[in-house]
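Below, each chain spelled out in residue letters.
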Amino acid sequence: MTWLDQAPDLSGLPQDCRSRLEALRPVRLPRGTLMFRPGDAAQGFVVVLEGRVEVFLTGPTGREILLYAVEPGQSCVQTTLGLMGGEDYTGEAMAATEVSAVVIPRPLFLRLMDESAAFRGFVFTAFATRMQTMMHVLERVAFQRVESRLASTLLAMAEANEVTATQADLATRIGSAREVVSRRLDQFARRGWVRTDRGRVRLLDPGALRRIAAVDGAG
């Protein structure tokens, strides 16, 4: 068994491509590992086998927004653009959990893009899927109210009706400011929907949050 068995979208590659990829060895990255930052050049195409990588964009004021997360079977738009277009990274990527991944070096990536229709199909399909996700993020930030975005995010992050995240973390995820999130959480708490503590939010009325999340066509 090789790492390619953990990447079913690459299962259809011809044997010569598989052989070159199978020679690569997965690496394990601890949670919190900085994988790239603005101004870095893309060195290789990352295939995530286990875990989650989060990609952020930081504005001139220092405010961050979570652009997307890369999980097993998904790709990083910024890396693909960097490898194919020569653009430096404009965002920052962090291992949100412990991550197992394989890095396909830039020369091998470009060679496979030239030689293998199956590999090109994998890259372009993953790229298109990721672009759709980014469009949804833009739509939410542009057209969905903060209350709806916050309620949707709390529901998505909750485990046993509890969210472990700071207000700054929540602000990054919904594309807002920490002060705005703080005010909205206070409103939710006064209505009996949540209870807040340092770094935690307890969901007391998930049904009410789902109704708020559904406003503006959330999702």
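Structure's up top.
Residues numbered from 1 in each chain as written. Predicted model: local features only at pLDDT ≥ 70, side-chain atom pairs only at ≥ 80, totals over all residues. Heavy atoms only, no water.

Enquirer: I'd love a proper account of the side chain of Ser100, names of residues and values included.
Expert: Considering the arrangement of structural elements, one finds Ser100 in strand E7 (residues 99–105). Residue contacts for Ser100: discarding those within four places in its chain leaves Pro26, Val27, Arg28, Val47, Val48, Leu49 and Glu50. (Helix = DSSP H or I, 4+ residues; strand = E, 2+ residues; numbered from the N terminus. Contact = heavy atoms within 4.5 Å.)

Enquirer: Describe the sheet that holds strand E5 (residues 64–70), naming the residues involved and giving the relevant values.
Expert: Pairing in this open sheet of four strands is antiparallel, and the strands run E2-E6-E4-E5 from one edge to the other. Because the sheet does not close on itself, it has two edges, and the strands there are strand E2 (34–36) and E5. Put simply, the sheet's adjacent strands are angled 30 degrees from each other on average, direction ignored. Where E2 and strand E6 (residues 92–95) come together, two bridges link them in antiparallel fashion. Paired with Phe36 across the bridge in E6 is Ala93. Across the sheet, helix H6 (residues 167–174) touches strand E4 (53–58) and E5, and the angle it forms with E5 is around 75 degrees. (Pairing = 2+ DSSP bridges. Axes fitted to C-alpha atoms, helices over the stretch in contact; angles between N-to-C directions.)

Enquirer: Lay out the side chain of Arg184 in plain terms, naming residues and giving numbers.
Expert: Counting through the fold element by element, Arg184 comes out in helix H7 (residues 178–190). According to the relative accessible area criterion, Arg184 is buried, its value standing at 17%. For Arg184, the residues in contact, after removing those within four places along its chain, are Val146, Glu147 and Leu150. (Buried < 20%, exposed > 50% of the residue type's maximum accessible area, 1.4 Å probe, protein only.)

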